[in-house]
Amino acid sequence: MKALIFAAGLGERMRPLTDITPKPLLRVGGKPLIEWHLEKLAALGTRDVIVNTSWLADQFPAALGDGTRWGLRIHFAFEGDTPLETGGGMWNALPLLGEAPFLLVNGDVWADVDFAALPSEPRGLAHLLMVDRPPQATHGDFALDADGCVRAEGDPKLTYAGIGVYRPQLLDGWRDVIHAPLLANGKPKFPLAPLLRAHMASGAITGEHHRGRWTDVGTPERLQRLDAELRS
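What counts, and where the lines are drawn
Residues numbered from 1 in each chain as written. Predicted model: local features only at pLDDT ≥ 70, side-chain atom pairs only at ≥ 80, totals over all residues. Heavy atoms only, no water. Helix = DSSP H or I, 4+ residues; strand = E, 2+ residues; numbered from the N terminus. Rg over C-alpha atoms; globule rule 2.2 N^0.38 Å. Buried < 20%, exposed > 50% of the residue type's maximum accessible area, 1.4 Å probe, protein only. Contact = heavy atoms within 4.5 Å. Areas by Shrake-Rupley, 256 points an atom, 1.4 Å probe, with all protein chains shown as cover. Lys, Arg positive; Asp, Glu negative; His and termini not counted. Charge placed at Lys NZ, Arg CZ, Asp CG, Glu CD. Salt bridge = Lys/Arg side-chain N within 4 Å of Asp/Glu carboxyl O.

Enquirer: For the overall build of the protein, give the residues involved together with the corresponding values.
Expert: A tally of helices and strands in the protein yields five helices and 15 strands. Here the C-alpha radius of gyration of the protein, 17 Å, is about what a compact globule of 232 residues would show, namely 17 Å. Expressed along its principal axes, the backbone C-alpha trace of the protein runs to roughly 45 × 40 × 35 Å. When each of the 232 residues of the protein is scored for burial, the buried share is 54%. Pairs at least 24 apart in sequence give 75% of the contacts found in the protein among residues at least 6 apart. For the protein, the accessible surface area stands at approximately 10,500 Å², while carbon and sulfur atoms represent 51% of it. Of the side-chain charges in the protein, 24 are positive and 28 negative, and the distance between the mean point of each set is 2 Å.

Written out as structure tokens, the structure reads:
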């Protein structure tokens, strides 16, 4: 299974740290955040990892090289000077992903989840890892029903962890959902969530509730807290 790491964001809430360093390259527990993902992907047996880049994109090849040190082949999918959001970012990486399901990891999260426990063949178009709502986002994203299907509405709401297994076919007919996409760098810029919601009614989006550790490293304070936890 190939993997896609979203690493293109501006990291605006992390400024001034991200003025000079992309968020996935900020260090926690003695190494860049993205390296935690790369090590787990290598242990899983993944060989090809696509890293979407935009903001300070030149720093990623300089820091990660071609992936040899982890036994990986890293491919960089440059989005242009303006990030394309999650949907546009996935669309931009499709030529490198192929037709098989792939593992998606947001470059700005940390979790103790076992990637090997995720399904290599999702039942539908995507299988999402869900977590309890964190203090900074108490509204939640989606609900998870007893059959393991993710629903747009329902209680209790959980938060999407930024980790999942996706089929590239999720993007088939994306223009039927995103009717007037913005353009950036001559490419479509749009979020992934509307596509997921469009397929939830038919049960094509499944998920599971991860009750272990998870952090959205969205502020300098959360970065410092995670760094202290990992070092201890």
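Enquirer: Give a detailed account of unusual backbone geometry, specifying residues and quantitative values.
Expert: With an omega dihedral of 10°, the bond running from Arg15 to Pro16 counts as a cis peptide bond. Mapped onto the elements, Pro16 comes out in the loop between β1 (2-6) and β2 (27-28).

Enquirer: Quick rundown of the pattern of salt bridges? Include the residues and the values.
Expert: Applying the stated rule across the entire model yields eleven salt bridges. In this structure, Asp19 engages Arg15 in a salt bridge whose closest nitrogen and oxygen atoms are separated by 3.5 Å. Overall, the relative accessible area of 39% leaves Asp19 in the partly exposed class. For the salt bridge of Arg222 with Asp216, the shortest nitrogen-to-oxygen distance reads 3.8 Å. Note on Asp216: relative accessible area 17%, which makes it buried.

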